Amino acid sequence: MSLNNEPVPMPEKRVTFKKGSNGTLYVYCTLRAYRNKRGRPTSDEVAIGKKDSATGLLVPNRRYFELFPGAIKKASNGGAGIPARVSSCGDTFLLMRLAEAIGLRSVLESNFPDRYSQMLAAAFYILCEGNVMMYIEDWFDETEVQFAEYMDDQQCSRLFASITYDERTVFFKEWAKLRSEQEYIAYDVTSISTSSKGIDIAEWGYNRDGENIPQINLVPCNA
């Protein structure tokens, strides 16, 4: 039996359709959604087959079975098998260990005892997939997230909105205090005087050379 030629149910999520020059409707799966350098939403897609015009089912290609491994068991059993569940766990495991090692988890937990796990989950999603939150629901379906409850994009919006200015201020003060015990920032200020009239960032200030012209202050930093 060829799995590639047997129609399967159309995936319910992350699917888009593109019509070919011959009228065939090709099916694409969104792998990752993110914002480009201009801040506009975009995505990475891969073709997973074509739509059967008669039945509405998907005629899959090999890439489909790579993305949906549970479908192999269904197809090999005539559709009667229980699909296998494959979850990614490496990313969340590593990121949680890093959050614990640098003290981020403890500071979040002390300041947001009822929300810190959801905050970490949202942060891990952004690190792994990008800052377009509409696909976090799919990420939870495909990723082992044992430390946080399931969230969709609406719950993410409510989470972000619940964080007040005062809460952010207290968190950043505690986080800066914690990191300052282990890190340092060294900086030195220098200035460049200029007679140009077209440099907007040039301003009047203290000129150690005594020149009556504006200058640009530069602060190179090393951490």
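Reading the values: the criteria
Residues numbered from 1 in each chain as written. Predicted model: local features only at pLDDT ≥ 70, side-chain atom pairs only at ≥ 80, totals over all residues. Heavy atoms only, no water. Helix = DSSP H or I, 4+ residues; strand = E, 2+ residues; numbered from the N terminus. Expected span 1.5 Å × (residues − 1). Buried < 20%, exposed > 50% of the residue type's maximum accessible area, 1.4 Å probe, protein only. Contact = heavy atoms within 4.5 Å. 1 Å grid on protein atoms, 1.4 Å probe; cavity = no way out; pocket = protein on both sides within 12 Å on 5 of 7 lines; lining within 4 Å. Points joined across faces, edges and corners; volume = space filled by probe spheres on them. Nonpolar A, V, L, I, M, F, W, Y, C, P; charged D, E, K, R; others polar. Salt bridge = Lys/Arg side-chain N within 4 Å of Asp/Glu carboxyl O.

J.: Give a description of helix α5 (residues 116-129) that names residues and reports values.
T.: Helix length check: α5 (14 residues) gives 20 Å between terminal C-alpha atoms against 20 Å at 1.5 Å per residue, within 8%. All buried positions along α5 are accounted for by Y116, S117, Q118, M119, L120, A121, A122, F124 and Y125. Taken together, the buried residues of α5 touch α3 (90-101), α4 (104-111), α6 (136-142) and α7 (153-162). The first or second residue beyond α5 is G130, which carries a positive phi of 115°.

J.: Could you give an account of unusual backbone geometry, with specific residues and numbers?
T.: Non-glycine residue R14 carries a positive phi angle of around 60°. Tracing the chain through its elements places R14 in the segment before β1 (15-19).

J.: Now, about the layout of surface pockets: what can you tell me, with residues and values included?
T.: Looking at the second largest pocket, its volume works out to about 280 Å³. Elements represented by at least two residues in the lining of the second largest pocket include exactly α4, α5 and α8 (165-180). With six residues, α5 is the largest single contributor of residues to the lining of the second largest pocket. Grouping the amino acids of the lining of the second largest pocket by side-chain chemistry returns 13 nonpolar, no polar and one charged.

J.: If you had to explain the pattern of salt bridges to someone new, which residues and values would you point to?
T.: In the structure shown here, the tally under the stated rule is seven salt bridges. In this structure, E45 and K18 form a salt bridge, with 3.0 Å as the shortest nitrogen-oxygen distance. Here E45, found in strand β3 (residues 41-51), pairs with K18, found in strand β1; they are 27 residues apart in sequence, far enough to count as distant. Residue class for E45 comes out partly exposed when judged on its relative accessible area of 30%. Accessibility expressed as a relative area gives 39% for K18, which makes it partly exposed. Note that R105 is salt-bridged to E100, the shortest N-O span being 2.9 Å. Overall, the relative accessible area of 22% leaves R105 in the partly exposed class. Among the residues examined, E100 registers a relative accessible area of 38% and is labelled partly exposed. Among the charged side chains, a network of salt bridges with common partners joins R97, E100 and R105.

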